[in-house]
Amino acid sequence: MSGADTTLAAVAREETGRLVTALYRRFGDFDVAEEAVQGALLEAVTQWRRDGPPRNPAAWLTTAAQRNALDLLRGRGRRRQVTQRLAATTEEEVPAADEAVGVDADDRLPLLFACAHPALAPEVRLALTLRAVMGLTTPQIARAFLVNESTLAQRIVRAKRKIVATGIDLRVPEDVDGRLPDVLAVVYLTYNEAYVASTGGSEDRDLGADAVWLAGVVARSLPRKAEAWGLSALLAMQHARAAARFTARGELVLLRDQDRSLWDRRAIDQAGEDLQRAAALRSPGPYQLQAAIAMCHAEAPSWSQTDWRQIATLYGLLMDIDPSPVVRLNASIALAQLGPGQAERALAEVEALGPHLAGYHLLHATRAELLRLVGRPAEAAAADRQALALTSNDAERRLLQTRLRRHPLTDGS
């Protein structure tokens, strides 16, 4: 990215949610607030690339968003309401432009709860969070997730209408525990979608880093919620391996083959501190268990020296909470590493998941690896071909194609 794009990405991440919330509270119109900020971001893309970033980027964005909001309201024939609203607004309600930097993270939390409201469809929650809270433009989101731009724009419009029609307020609900899983799920999905969509390099923002940042915002804003710290630790540890996940040519590198010297040890250490904060609250949950599994990988000098027995134990605890087929699939991978004869047991577990995950490419890719371990290469090649047919991700397709070239057996060979 250019210097202007890097600056804009950082400012958008820090300021978008604050601005949308402030403008909504000032003018009482969520759609206007969100559109005004999105318009300011698009203006910044053009002007900052041409002229370079301004001296105070956050203040520039605040001024542009406020101007856009007034223009939108006046254009919709609401001049009188705007005048009355402004006359009734105190200085405390409207942050000054030069105060835009360094706003407390809590200011973004009400907006995040609104965007993750259970009245909204899951895919809509994700798109709206990326735009309204994190400051991504519609084209960026569409490119990242391979969605048609007009389709995505329609989803966002429907979501904003639903917020107004349902009366969803921009505030942290009294029942934080009841709604927090929705918020954490949106943050987790943001990282997961960024991870899956990644091809090893992009001219757009690092969406994985955005999700890690947002998880930290939630955890620091709700410091007594163990699962918030657990998610923050999990995503930070996953993202710490980003530099080793792809070769210079953009080829996907599996965990066992990654150059661990490229892992971000500072990020891993910070994630470990977050996990300790979560454990101290004595309220275990699935994100904390996943983070503990990720920590086992992060601490291991190599794939062969990984504490697989500890990982298998953690997966057992995780399945007690979340016995979903995907969790059971991941547990089978750990099971296969425990010693002689365990690959057969793991394969039996994977075979049993077939009816539940028949359309999931990673089931077939995992099955292929286990089939090779137990000496059934022809069936393994067939499973890899099935996985290849089920994924559209370029990096994953190239990995499977490479594996098939190395093991070019057919069912009749």
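Scroll up for the structure.
This structure is a prediction, so every number in the text was calculated from the model and none was measured.

This part is about the environment of Ser-283. Following the sequence through the fold, Ser-283 ends up in the loop between helix H12 (265-280) and helix H13 (286-299). Residue contacts for Ser-283: discarding those within four places in its chain leaves Ala-226 and Gln-288.

Here the focus is helix H15 (residues 325-336). In this model, H15 (12 residues) spans 17 Å end to end at C-alpha, consistent with the 16 Å of a helix rising 1.5 Å per residue. Those residues of H15 that fall on the buried side of the exposure criterion are Val-327, Leu-329, Ala-331, Ser-332, Ala-334, Leu-335 and Ala-336. Contact partners of the buried residues in H15: helix H14 (308-321), helix H16 (342-352) and helix H17 (361-373).

Attention now moves to the pattern of salt bridges. Counted according to the given criterion, the structure contains 23 salt bridges. A salt bridge links Glu-34 to Arg-131; the nearest nitrogen and oxygen atoms lie 2.5 Å apart. Highlighted residues: Glu-34 in helix H2 (residues 30-51) and Arg-131 in helix H6 (residues 122-133), separated in sequence by 97 residues. The residues Glu-34 and Arg-131 share a single accessibility class, namely buried. Between Lys-225 and Asp-177 there is a salt bridge, with the nearest N and O atoms lying 2.7 Å from each other. Placement of Lys-225 in the loop between helix H10 (207-221) and helix H11 (226-239) and of Asp-177 in helix H9 (residues 176-197) is noted, with a sequence separation of 48 residues between them. The exposed category is assigned to Asp-177, whose relative accessible area is 51%. If you follow the salt bridges from partner to partner, you end up with Arg-256, Asp-257, Glu-369, Arg-372, Asp-384 and Arg-403 in one network.

This part is about the packing of aromatic side chains. Counting across every chain of the model gives 4 aromatic pairs. Relative to Trp-308, the ring of Trp-303 lies with its centre 4.7 Å away and its plane at 65 degrees, an arrangement referred to as edge-to-face. Across the ring face of Trp-263, the terminal group of Arg-241 is positioned such that the distance to the ring centre comes to 5.7 Å. Over the ring of Trp-229 we find Arg-277; its NZ or CZ atom is 4.9 Å from the centre of that ring.

Definitions and cut-offs
- Residues numbered from 1 in each chain as written.
- Predicted model: local features only at pLDDT ≥ 70, side-chain atom pairs only at ≥ 80, totals over all residues.
- Heavy atoms only, no water.
- Helix = DSSP H or I, 4+ residues; strand = E, 2+ residues; numbered from the N terminus.
- Contact = heavy atoms within 4.5 Å.
- Expected span 1.5 Å × (residues − 1).
- Buried < 20%, exposed > 50% of the residue type's maximum accessible area, 1.4 Å probe, protein only.
- Salt bridge = Lys/Arg side-chain N within 4 Å of Asp/Glu carboxyl O.
- Phe/Tyr/Trp six-rings, centres within 6.5 Å; stacked < 30°, edge-to-face > 60°.
- Lys NZ or Arg CZ within 6 Å of the ring centre and 35° of its normal.

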